[in-house]
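Each chain, written out:
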Amino acid sequence: MSKKVKVGTVQMSCTSNPDENLAKAIAKIREAAAKGAQIVCLQELFRSLYFCDVEDYENFKLAEPIPGPSTEALSAVAKELGVVIIASLFEKRTEGLYHNTTAVIDADGKYLGKYRKMHIPDDPAYFEKFYFTPGDLGYKVFKTKFATIGVLICWDQWYPEGARITSLMGAEILFYPTAIGWATSQDEATNSEQYNAWQTIQRSHSVANGVHVVSVNRVGFEQDGAMKFWGGSFISNPFGRLLYLASHDQEEVHVEEIDLKHTDRYRTHWPFLRDRRIDSYQPITKRFIDEE
């Protein structure tokens, strides 16, 4: 028997006005639902421009509690439309303590919980360590009406350990809300290499774990034109085959029907989980394995 679910992805550009961005995201959730989506994933930090390009204390004013105003608004939409919503937000946990967090809202409008980004980058134009405390909730799965899902966030997507653990917890789909782009001063060969690496590592999570991967990125020019967020959102099946690939420069709302029963077929014929040597993996917990 099949276990089909329709997944919606929202790839959009943002402005400096959080309320405008929230309204735009809600409109696109409605568009996805009208196309039949049952689970809709928004991009990373969709309520604002990507503010981590600078270290500016004023940007902490963009943060909000979770649950809070955004989850309240999205819960009403989820209940009205009967869809699951995956919403990436800037969380103010308490005074002076902030996280990059994704909330999951079920199809009846119930807030199911949150995942806090575990891996925090610090690179030119991505100064996230200034803003975000690393997640302390561990890896999470959420049992929604339509599927058990795992949520990881952007920089997490480069780490096979996070994908593996979340899959081992029973995730049927891995979702990656993302904000990643190219410096407009960069050459095309470097752009292509970076995007291909980004897509390849995530498709490898599909293969290694036998699950669908859904990666949703923002699009458009930000940072006064210095950064082009590269879009390229995609969905891959449990063997890494692309089912959907978005453009690099257009807003897109896409709905893809996926059959979760494919996981059993791929895992049976290519039994990577069966053949794992869990007795031999203790060294993975070391930062580096030095010679003694």
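In what follows, the structure referred to is the one given above.
Notes on the structure follow. Everything quoted here is computed from the prediction, not taken from an experiment.

Quick notes on the rules
Residues numbered from 1 in each chain as written. Predicted model: local features only at pLDDT ≥ 70, side-chain atom pairs only at ≥ 80, totals over all residues. Heavy atoms only, no water. Axes fitted to C-alpha atoms, helices over the stretch in contact; angles between N-to-C directions. Helix = DSSP H or I, 4+ residues; strand = E, 2+ residues; numbered from the N terminus. Parallel < 35°, antiparallel > 145°, perpendicular 65-115°, else oblique. Left-handed = near helix turned anticlockwise from the far one by under 90°. Contact = heavy atoms within 4.5 Å. Pairing = 2+ DSSP bridges. Salt bridge = Lys/Arg side-chain N within 4 Å of Asp/Glu carboxyl O. Buried < 20%, exposed > 50% of the residue type's maximum accessible area, 1.4 Å probe, protein only. Expected span 1.5 Å × (residues − 1). Arc of directions from axis to C-beta. Polar contact = N/O pair within 3.5 Å; in protein donor to acceptor, adjacent residues only side chain to side chain. Phe/Tyr/Trp six-rings, centres within 6.5 Å; stacked < 30°, edge-to-face > 60°. Core = buried A, V, L, I, M, F, W, Y, C linked by side-chain atoms within 4.5 Å. Patch = residues over 30% accessible without salt bridge, like charges linked within 9 Å, V, L, I, M, F, W, Y side chains within 5 Å. Areas by Shrake-Rupley, 256 points an atom, 1.4 Å probe, with all protein chains shown as cover.

## Structural notes on the packing of helix α1 (residues 18-34) against helix α2 (residues 69-81)
Line of reasoning, step 1. In contact at an axis separation of 11 Å, α1 and α2 are set at 20° when each is read in the N-to-C sense. Taken together, the axes of α1 and α2 are roughly parallel relative to one another. Here α1 runs over α2; the crossing is right-handed. Facing α1, whose interface residues are Leu22, Ile26, Ile29, Arg30 and Ala33, α2 presents Ser70, Ala73, Leu74, Val77, Glu80 and Leu81.

## Thoughts on the pairing of strand β5 (residues 111-116)
Line of reasoning, step 1. Note that strand β4 (residues 97-105) and β5 share five bridges and pair antiparallel. Looking at β5, one finds that Ala103 is bridged to Lys114.
Line of reasoning, step 2. In this antiparallel pair of consecutive strands, β4 and β5, the connection spans five residues, and Gly109 shows a positive phi of 90°.

## Here we look at the pattern of salt bridges
Line of reasoning, step 1. Summed over all chains, the structure comprises 17 salt bridges.
Line of reasoning, step 2. For Glu128, the salt bridge identified is with Lys117, shortest N-O distance 2.8 Å. Placement of the pair is Glu128 in the loop between β5 and β6 (141-143) and Lys117 in the loop between β5 and β6, with a sequence separation of eleven residues. Note on accessibility: Glu128 and Lys117 belong to one class, buried.
Line of reasoning, step 3. Shared partners join several salt bridges into a network, and the residues in it are Glu91, Arg93, Lys114, Arg116 and Asp136.

## Structural notes on α1
Line of reasoning, step 1. With 17 residues, α1 ought to run about 24 Å at 1.5 Å a step, and its terminal C-alpha atoms sit 24 Å apart, in line with that.
Line of reasoning, step 2. What α1 keeps buried is the set Asn21, Leu22, Ala25, Ile26, Lys28, Ile29, Ala32 and Ala33. Taken around the axis of α1, the buried residues stretch over an arc of 165°, which confines them to a single face. Turned more than 90 degrees away from the buried face of α1, the exposed residues are Asp19 and Ala34.
Line of reasoning, step 3. The distance from a side-chain oxygen at the start of α1 to the backbone nitrogen of Asp19 is 2.9 Å, and the residue carrying that oxygen is Asn17.
Line of reasoning, step 4. Taken from the residues just after α1, Gly36 is the one with a positive phi, measuring 105°.

## Let's talk about the packing of aromatic side chains
Line of reasoning, step 1. Tallied over the entire structure, the rule returns 25 aromatic pairs.
Line of reasoning, step 2. Measuring from ring centre to ring centre gives 6.4 Å for Phe90 and Tyr131, while their planes differ by 90°; the resulting arrangement is edge-to-face. You can see Phe90 sitting in strand β3 (residues 84-94) and its partner Tyr131 sitting in the loop between β5 and β6, a full 41 residues away along the chain. Considered together, Phe90 and Tyr131 belong to a single accessibility category, that of buried residues.
Line of reasoning, step 3. Plain terms: the ring middles of Trp182 and Trp230 are 5.2 Å apart, the flat faces sit at 50° to each other, and that makes the pair tilted. With a gap of 48 residues between them, Trp182 in strand β9 (residues 181-183) and Trp230 in strand β12 (residues 227-230) connect regions that are remote in the sequence. A single burial state applies to Trp182 and to Trp230, both of which are buried.

## Focus on the nonpolar core
Line of reasoning, step 1. Counting residues in each nonpolar core, the largest one holds 55 residues, and the members touching the most others are Ile39, Phe90, Ile149, Ile173 and Phe175.
Line of reasoning, step 2. In terms of residue count, strand β8 (residues 173-178) provides more of this core than any other element does, four residues in total.
Line of reasoning, step 3. Formed by 25 residues, the second largest nonpolar core is a distinct cluster that contains Val77, Ala87, Ala103 and Ile105.

## Regarding a nonpolar patch on the surface
Line of reasoning, step 1. A surface patch of nonpolar side chains, about 290 Å² in accessible area, is lined by Phe239, Trp270 and Phe272.
Line of reasoning, step 2. Among the structural elements, Trp270 can be located in the segment after α5 (262-269).
Line of reasoning, step 3. Under the relative-accessibility criterion, Trp270 is labelled partly exposed at 46%.

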